Amino acid sequence: MPERAGVIDLRSDTVTRPTPGMRAAMATAEVGDDVFGEDPTVRQLEEHVAELLGKEAALFVPSGTMSNQICIKIHTQPGDELICDVNSHIYNYEAGGPAVLSGVTCRTIEGDCGIFDLSQLEGLIRPENDHLVRTRLVCLENTHNRGGGRIFPLQKIRAITEWAHRHGLFVHLDGARLWNASVATGIPLHDWARDCDSVSVCFSKGLGAPVGSALAGSKELVKRARRIRKLLGGGMRQAGVLAAAALYAIKHHWSRLAEDHEHAQILAQTVRHTPGLRLFPSVIETNILYADIDPRLGTAADLAQALRERGVLVLPVAQQRIRLVTHLDVSRAQVERAAALLEQTARYLATRAA
Ligand code: TLP
């Protein structure tokens, strides 16, 4: 368990470093030039991911952002509109990608922790009219990052995709943490992916690979995605060293996500009983949680700084909100220590304010 000089880093599950086993798999990976389609390890990963997601094909890409943006570009034309939750990663954290790369506007809806109902979509499709953008795509996120790791219930996805397809819309699933949703529910990846036209999954979040994501869909979609990946500068050469890390992560780190979920419960319980902190959302389903801070204790930045001085890193995401994410590089003992320090620090800030 790599411990950076005793620091417990809960800012994101992207901070994990490759384990010795993963590094060994990377060092011995067979490689070739993947832009020529000649890297056997990349091919193996793409075939494996396509199979797991129940799709015809998959494409290895450098990041989740590129994966989402390639899919958006495939499903839309400039002047189109996509519908997504107001807190979605695509809308908040991808540097305006839909507008910049695809000429697409985002119509946001207010979900409950990122989860929305079909009833919120009905009536949103714009009529054919020269004045209007064309509604073309619905984007879902599972689990939901800003929603506190919330799982999008499968029945809701089924209802939304059925409605979208009936009205000629495409559906893209940002499944950066679909691995977590699958472990938490026992529902296989291909069930979540079944009715979505494209799916993106990340290897560099809870699975613990250093780099990489994949998108999956029909053969035709993946053919188009390859070309757009090249256009965006995402064609990689001997990428087998990275694909080997992803394959290793799927094999060795997927089922252990259950531990991260248990660890998140320990932190959630501490937040619940610490005066001045409020858990968001009130129920934690996977590995992400937020704590809202009573302004009498200070700001999120103040609490993050006080924790940093005690060796715990958390992410301030709003004036009064911090994020904590559990992952491969924090053991149960470290989580327990972080929880104790969080409570002590919040109590200390409260007494200082009194
Ligand atoms: N999320 C990162 C930050 O960008 C916020 C994190 O630390 O959680 N979809 C979802 C749901 C994500 O959470 C992320 C990364 C991405 C896509 C983008 O993946 P990358 O970072 O590989 O571009």
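Around the ligand, the surrounding shell holds 15 residues, and the nearest of these are Ser 12, Gly 64, Thr 65, Asp 174 and Arg 177. At 2.7 Å from an oxygen atom of the ligand is found a side-chain nitrogen or oxygen belonging to Ser 12. Residue Lys 205 places a side-chain N or O atom 3.1 Å away from an oxygen atom belonging to the ligand. Within the complex, 82% of the 510 Å² of free accessible area of the ligand lies under protein. Here the shell around the ligand takes 3 residues from helix 3 (residues 64–75), the largest share from any one element. Residue classes in the shell around the ligand are distributed as 2 nonpolar, 7 polar and 6 charged.

Moving on, we get to the domain arrangement of the protein. Per the domain assignment, the segments of the protein are domain 1 (8–15 + 256–353) and domain 2 (31–253). Placing the centre of domain 1 and that of domain 2 at their C-alpha centroids yields a distance of 29 Å. The partner domain 2 presents 21 residues to the 17 residues of domain 1 that form the contact. Three residues stand out in domain 1 for area buried against domain 2, namely Asp 13, Leu 257 and Glu 285, and they jointly supply 32% of the buried area on that side. Scanning the region where domain 1 abuts domain 2 turns up 2 salt bridges. Linking Arg 177 and Asp 13 is a salt bridge whose minimum nitrogen-to-oxygen distance equals 2.8 Å. The tally of links between domain 1 and domain 2 comes to 6 residue pairs in polar contact (both at pLDDT 80 or more). Among the secondary structure elements, those contributing two or more residues to the side of domain 1 that touches domain 2 are helix 12 (257–273) and strand 10 (288–293). Per-element accounting of the side of domain 1 that touches domain 2 gives the leading share, 3 residues, to helix 12.

On to the sheet that holds strand 9 (residues 277–280), then. Here 4 strands make up an open sheet; going across it, the order is 9-10-13-12 and the pairing antiparallel. Two strands close off the open sheet at either side, each with one partner strand: strand 9 and strand 12 (315–318). Averaged over all pairs of adjacent strands, the angle between strand axes in this sheet comes to 35°, irrespective of strand direction. Note that strand 10 and strand 13 (residues 321–325) share 5 bridges and pair antiparallel. Each residue of the ladder has a partner; that of Ala 291, found in strand 13, is Ile 322. Of the strands in this sheet, strand 9, strand 10, strand 12 and strand 13 are in contact with helix 13 (residues 300–309), which crosses strand 12 at around 180°.

Scoring rules and cut-offs
Residues numbered from 1 in each chain as written. Predicted model: local features only at pLDDT ≥ 70, side-chain atom pairs only at ≥ 80, totals over all residues. Heavy atoms only, no water. Near = heavy atom within 4 Å. Polar contact = N/O pair within 3.5 Å; in protein donor to acceptor, adjacent residues only side chain to side chain. Areas by Shrake-Rupley, 256 points an atom, 1.4 Å probe, with all protein chains shown as cover. Helix = DSSP H or I, 4+ residues; strand = E, 2+ residues; numbered from the N terminus. Nonpolar A, V, L, I, M, F, W, Y, C, P; charged D, E, K, R; others polar. Domains from an automatic or database assignment. Contact = heavy atoms within 4.5 Å. Buried area = accessible area lost by both parts, 1.4 Å probe. Salt bridge = Lys/Arg side-chain N within 4 Å of Asp/Glu carboxyl O. Pairing = 2+ DSSP bridges. Axes fitted to C-alpha atoms, helices over the stretch in contact; angles between N-to-C directions.

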